[in-house]
Amino acid sequence: MAGEIPDLIAEVRTGTGKGAARQARREGNVPGIVYGGGKDPIAINVNYHMLLKKLKQGRFLQTLFNLKVEGEEDVRVICRNVQRDVVKDLPTHLDLMRLKRTSRISLYIHVDFVNQDKAPGFRKGGTLVVVRPEVELEVTAGDIPDHITVDLSGRDIGDVIHINDIELPKGAKPTIQRNFVIANIAAPSGLRSTDAEEGEEVEEGDEE
């Protein structure tokens with residue numbers, strides 16, 4: 001059910017303190033710390049360019065990683081903080097937290113829309129307007145869904161799909177309590193223009 005968890009490659013950093021951190025940066029690394037999970041913290045270095053690339057991909061603080069450190073067992077981690085240079089806004093340090101399979105975390109999960117061919121609204125020329133292509137869910141670290149599915153079968157023009165209309169994977173729940181909108185099926189532009197013109201004619205008739 002879970003999608004492939006991306007790797008985050010790091011190496012153990014020898015030495016601690018500001019001196020060791022500055023040395024790491026001079027060597028093209030970003031220093032960091034791995035903590036939690038009932039184990040001792042480990043000081044690490046992450047390649048600067050690799051980290052910057054992942055940061056630019058977005059959702060870094062909401063992404064679960066498989067941390068690979070030579071000499072250590074692979075472990076699932078999530079980033080809890082990225083310190084940045086106040087002038088250049090570039091990463092200078094990161095904090096990673098180990099997760100147990102039973103840990104509860106909040107992640108953005110992709111929304112997949114299926115069975116458009118079984119929706120009358122699309123046969124009439126309607127279009128799908130996606131309000132939330134991703135939804136933040138609280139999930140278990142050991143059972144992260146790759147996506148959630150919205151079945152569009154039977155949907156017509158004007159229909160609105162809310163989060164409560166979707167069957168979520170077992171153990172997953174939205175981080176937002178209200179019944180928010182995921183998507184809707186809008187009328188074709190020509191039909192919307194006609195409706196607007198008819199509305200204007202009615203208003204003019206009322207004024208007479």
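Residues numbered from 1 in each chain as written. Predicted model: local features only at pLDDT ≥ 70, side-chain atom pairs only at ≥ 80, totals over all residues. Heavy atoms only, no water.

- Under an unreviewed UniProt entry, the name given to the chain is Large ribosomal subunit protein bL25, and the organism recorded is Albidovulum salinarum.
- Turning to the chain, the UniProt annotation filed under Sequence similarities (unreviewed entry) states: "Belongs to the bacterial ribosomal protein bL25 family. CTC subfamily."
- Turning to the chain, the UniProt annotation filed under Function (unreviewed entry) states: "This is one of the proteins that binds to the 5S RNA in the ribosome where it forms part of the central protuberance." (UniProt positions renumbered as here; feature names shortened; annotations may be inferred.)

Overview of the sheet that holds strand β13 (residues 181–186)
(1) Moving on: Reading across the sheet, the three strands line up as β8-β13-β11 and stay open at both edges, with antiparallel pairing between neighbours. The open sheet terminates on both sides in strands that have one partner only, identified here as β8 (127–130) and β11 (160–162). Each strand of the sheet is rotated relative to its neighbour by a mean of 15°, with strand direction disregarded.
(2) Moving on: As defined by bridge partners, β11 adjoins β13 across three bridges and the pair is classed as antiparallel. Counterpart to V160 in the pairing with β13 is N184. (Pairing = 2+ DSSP bridges. Helix = DSSP H or I, 4+ residues; strand = E, 2+ residues; numbered from the N terminus. Axes fitted to C-alpha atoms, helices over the stretch in contact; angles between N-to-C directions.)

Side note on unusual backbone geometry
(1) Moving on: In this structure, R59 takes a positive phi of about 55° despite not being glycine.
(2) Moving on: Relative to the helices and strands, R59 is located in the loop between α2 (48–56) and β4 (64–69).
(3) Moving on: Classification of R59 by relative accessible area gives partly exposed; the value is 39%.
(4) Moving on: Even without glycine at this site, N115 takes up a positive phi of about 65°.
(5) Moving on: Tracing the chain through its elements places N115 in the loop between β7 (104–114) and α3 (120–123). (Buried < 20%, exposed > 50% of the residue type's maximum accessible area, 1.4 Å probe, protein only.)

Remarks on the pattern of salt bridges
(1) Moving on: This model, assessed by the stated rule, comprises four salt bridges.
(2) Moving on: One salt bridge connects E134 with R59, and the closest N-O pair in it is separated by 3.2 Å. Here the residue E134 occupies a position in strand β9 (residues 134–140), and R59 occupies one in the loop between α2 and β4, the gap between them amounting to 75 residues.
(3) Moving on: When its relative accessible area of 31% is taken as the criterion, E134 is described as partly exposed. (Salt bridge = Lys/Arg side-chain N within 4 Å of Asp/Glu carboxyl O.)

Points about the pairing of β7
(1) Moving on: Relative to β9, β7 runs antiparallel, the two being bridged by seven bridges. Bridge pairing links L107 to L137 in β9.
(2) Moving on: Here five bridges tie β7 to strand β10 (residues 147–151), and the two strands are oriented parallel to one another. Paired with H110 across the two strands is H147, which belongs to β10.

Brief notes about the sheet that holds strand β12 (residues 173–174)
(1) Moving on: Taken together, four strands build an open sheet; the order of strands is β10-β7-β9-β12 and the sheet is mixed. The open sheet has two edge strands with one neighbour each: β10 and β12.

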